[in-house]
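Observations on the three-dimensional arrangement
Listed below, chain by chain, are the residues.
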Amino acid sequence: MNDLYSFFVQRRNTRPMHRWHHYFEVYERLFARFRDTNATLLEIGVQGGGSLEMWRGYFGDAARIYGIDNDPNAKRNEDLATRVFIGDQADRQFLREVRRQIGTADIVIDDGGHLASQQITSFEELYSMLSENGIYVIEDIHTALWGGRYNDRQDGQTILTFAMNCCARLMEWSGRPENFQQLMTDRNVLLADKASDFCRTTKSITFYDSLLVFERGRRTVPRHDQI
């Protein structure tokens with residue numbers, strides 16, 4: 001039992017928290033390297049504040065912990081080391097102001113309203129604030145399968161279809177047939193600027209049950225050889 005899961009199942013939080021049990025194995029795998037590193041974490045969807053307690057206990061007193069919620073009552077979860085911004089996660093201007101005030105974040109967790117418009121807008125505005133090896137987690141993506149009010153974008157995009165498009169962007173070098181021969185030679189480096197910033201700075205996109213994880217990392221142009 002990892003530290004995060006034990007915090008949850010032993011009910012050490014003094015404020016309410018709601019989480020799927022299987023998330024904690026993923027959390028531990030992703031977040032362990034940030035412990036005691038003065039990490040900066042932003043969580044969208046503070047609710048009762050129990051998860052803010054958990055992150056503080058896990059990452060340590062020196063961590064910078066921030067929250068976003070559309071309920072003004074979430075402000076009660078603030079303390080000297082934790083700040084909560086009140087606003088709509090689908091409001092680009094609001095998110096840009098949050099990003100301006102926080103600066104760089106190591107971890108962003110979206111446990112907000114779970115509407116497609118909220119999830120996609122938040123990612124588009126906040127992914128760029130991640131540190132070079134930061135992690136962006138979107139929780140409860142199963143709501144995209146529920147349909148109804150959760151799939152509220154006029155273009156029909158859900159977080160699942162958006163993520164699949166991101167997977168294609170991850171392969172901008174190798175996914176173009178015209179690059180195939182060049183990627184077999186030292187001339188592959190000449191393609192470095194022929195991909196988006198997203199491609200150049202995203203290491204992986206991982207799907208778990210109800211979780212979507214983007215891991216940042218500086219990439220080099222891929223190469224293949226026939227030996």
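Provided above is the structure to which this section pertains.
What you see is a predicted model; the values in this text were computed from it and never measured. (Residues numbered from 1 in each chain as written. Predicted model: local features only at pLDDT ≥ 70, side-chain atom pairs only at ≥ 80, totals over all residues. Heavy atoms only, no water.)

**A closer look at the nonpolar core**
Core analysis: the largest hydrophobic core is formed by 31 residues, its most contacted members being Leu42, Tyr136 and Phe214. The set of elements that each furnish at least two residues to this core consists of strand S1 (40-44), strand S2 (64-69), helix H4 (92-102), strand S4 (105-110), helix H5 (116-126), strand S5 (130-139), helix H7 (159-170) and strand S7 (211-216). Considering every element that reaches this core, the biggest residue donor is H7, with 6 residues. Beyond its immediate stretch of four places on either side in the chain, Leu42 contacts Tyr66, Gly67, Ile68, Val98, Ile102, Ile107, Val108, Ile109, Leu126 and Met129. Ala39, Leu52, Phe59 and Val213 belong to the second largest nonpolar core, which has 29 residues in total. (Core = buried A, V, L, I, M, F, W, Y, C linked by side-chain atoms within 4.5 Å. Buried < 20%, exposed > 50% of the residue type's maximum accessible area, 1.4 Å probe, protein only. Helix = DSSP H or I, 4+ residues; strand = E, 2+ residues; numbered from the N terminus. Contact = heavy atoms within 4.5 Å.)

**Side note on empty space enclosed by the protein**
The gaps left among the atoms become clear once a water-sized probe is rolled over them. Tallied over the entire structure, the rule returns 1 cavity of 30 Å³ or more. Considered as a void within the structure, the largest cavity measures approximately 30 Å³ in volume. Looking at the largest cavity, the residues that line it are Pro16, Met17, His18, Arg19, Gly45, Val46, Gln47, Ser51 and Asp111. By residue class, the composition of the lining of the largest cavity is 3 nonpolar, 4 polar and 2 charged. (1 Å grid on protein atoms, 1.4 Å probe; cavity = no way out; pocket = protein on both sides within 12 Å on 5 of 7 lines; lining within 4 Å. Points joined across faces, edges and corners; volume = space filled by probe spheres on them. Nonpolar A, V, L, I, M, F, W, Y, C, P; charged D, E, K, R; others polar.)

**A word on the state of the cysteines**
One pass over the structure, following the stated rule, counts 0 disulfides. Left unpaired, Cys167 is separated from the closest cysteine sulfur, that of Cys166, by 7.2 Å. On the accessibility criterion, Cys167 (16% relative accessible area) is buried. Here Cys199 is not disulfide-linked; the sulfur of Cys166 is the nearest cysteine sulfur, at 11 Å. (Disulfide = S-S within 2.5 Å.)

**Quick word on the environment of Ile141**
Considering the arrangement of structural elements, one finds Ile141 in the loop between S5 and helix H6 (143-146). Along the backbone, Ile141 and Leu160 are 19 residues apart, and their C-alpha atoms lie at a distance of 7.4 Å. Leaving out residues up to four positions away in the same chain, Ile141 has contacts with Ile159, Leu160, Phe207, Ser210, Leu211 and Leu212.

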